[in-house]
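What follows is each chain in one-letter form.
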Amino acid sequence: FPTRRSSDLSDIALRMEHVYKKFRKGETYNSLRDLIPALTGRMFKEQELDDHDKREFWALQDISFELKHGESFAMIGQNGAGKSTALKILSRIMKPTKGNMIVNGRLSALIEVTAGFHADLTGMENIFLHGTILGMTRKEIERKLDQIIAFSGLEEFINTPVKRYSSGMYARLGFAIAAHVDPEVLIVDEVLSVGDYVFQQRCMD
């Protein structure tokens, strides 16, 4: 990238500078209950440290791009190319292994639209929970509540716990909430495939 003074960054919406992300194949442990026995087993097996290195791989290598406010940008590639990983780094779901990024303005990410939902809460309660996770204030959610419910098309089921929702209903409510964040930067990752044709057209509009 050309050298820019800090005052010149105001027109930049997104920037990635030589971003790398490394992952490790194999086991992942979500709790100490699973991790401790695994580590103990490795000690007795005398597993070599080299095995860790063999399992590591780069999901992203030297990714750089820049967008100004008002511009659109698409990432196209086969499965496993790293598209979702790059978007998750931009939305701060993940941290890059190396490299820098800039995000100017309020960002909303339609990546995993139901991440943060609580299965035992109703659709209405999850609107407030998920909306807060996405950065909306309670007053803002209350002001947009009717619009969110109408957009989702789930008026009859909005007071039903979401654990009783179908996967399509789940995704529709998540998209409806995220779509009303009114961001300055919007990241979308293959979420427009949810619902029927009418709902997809509503999402596109």
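Up top you'll find the structure we're talking about.
Thresholds, definitions, all that
- Residues numbered from 1 in each chain as written.
- Predicted model: local features only at pLDDT ≥ 70, side-chain atom pairs only at ≥ 80, totals over all residues.
- Heavy atoms only, no water.
- Helix = DSSP H or I, 4+ residues; strand = E, 2+ residues; numbered from the N terminus.
- Contact = heavy atoms within 4.5 Å.
- Areas by Shrake-Rupley, 256 points an atom, 1.4 Å probe, with all protein chains shown as cover.
- Axes fitted to C-alpha atoms, helices over the stretch in contact; angles between N-to-C directions.
- Parallel < 35°, antiparallel > 145°, perpendicular 65-115°, else oblique.
- Nonpolar A, V, L, I, M, F, W, Y, C, P; charged D, E, K, R; others polar.
- Pairing = 2+ DSSP bridges.
- Left-handed = near helix turned anticlockwise from the far one by under 90°.

A. How the structure looks around the overall build of the protein. The helix and strand inventory of the protein stands at seven helices and five strands. Along the protein, helices (α) and strands (β) appear in the sequence β-α-α-β-α-β-β-α-α-α-β-α when read from the amino end. Within the protein, contacts between residues at least 6 apart in sequence are counted, and of these 71% link residues at least 24 apart. For the protein, the accessible surface area stands at approximately 13000 Å², while carbon and sulfur atoms represent 51% of it.

B. Fine view of the packing of helix 5 (residues 138-152) against helix 7 (residues 197-204). Two elements in contact, helix 5 and helix 7, have axes separated by 10 Å at closest approach and are oriented at 140 degrees. Relative to helix 7, the element helix 5 lies oblique. From helix 5, Ala150, Phe151 and Ser152 reach across to helix 7, where they touch Phe199, Arg202 and Cys203. Tallied by class, the residues present in the contact of helix 5 with helix 7 amount to four nonpolar, one polar and one charged.

C. Summary view of the pairing of strand 1 (residues 12-24). Bridge count between strand 1 and strand 2 (residues 56-68): nine bridges; the pairing is antiparallel. If you follow arginine 24 over to strand 2, its bridge partner there is glutamate 56.

D. Quick peek at the packing of helix 4 (residues 123-133) against helix 5. Relative to each other, helix 4 and helix 5 sit at 130 degrees, their axes nearing to 10 Å. Taken together, the axis directions place helix 4 and helix 5 in an arrangement best described as oblique. Once helix 4 is placed against helix 5, the crossing between them reads as right-handed. Two secondary-structure elements touch here, helix 4 through Met124, Ile127, Phe128, Gly131 and Thr132 and helix 5 through Arg138, Ile141, Glu142, Leu145, Ile148 and Ile149. Tallied by class, the residues present in the contact of helix 4 with helix 5 amount to seven nonpolar, two polar and two charged.

Everything listed here is a matter of geometry and, on its own, says nothing about what the molecule does.
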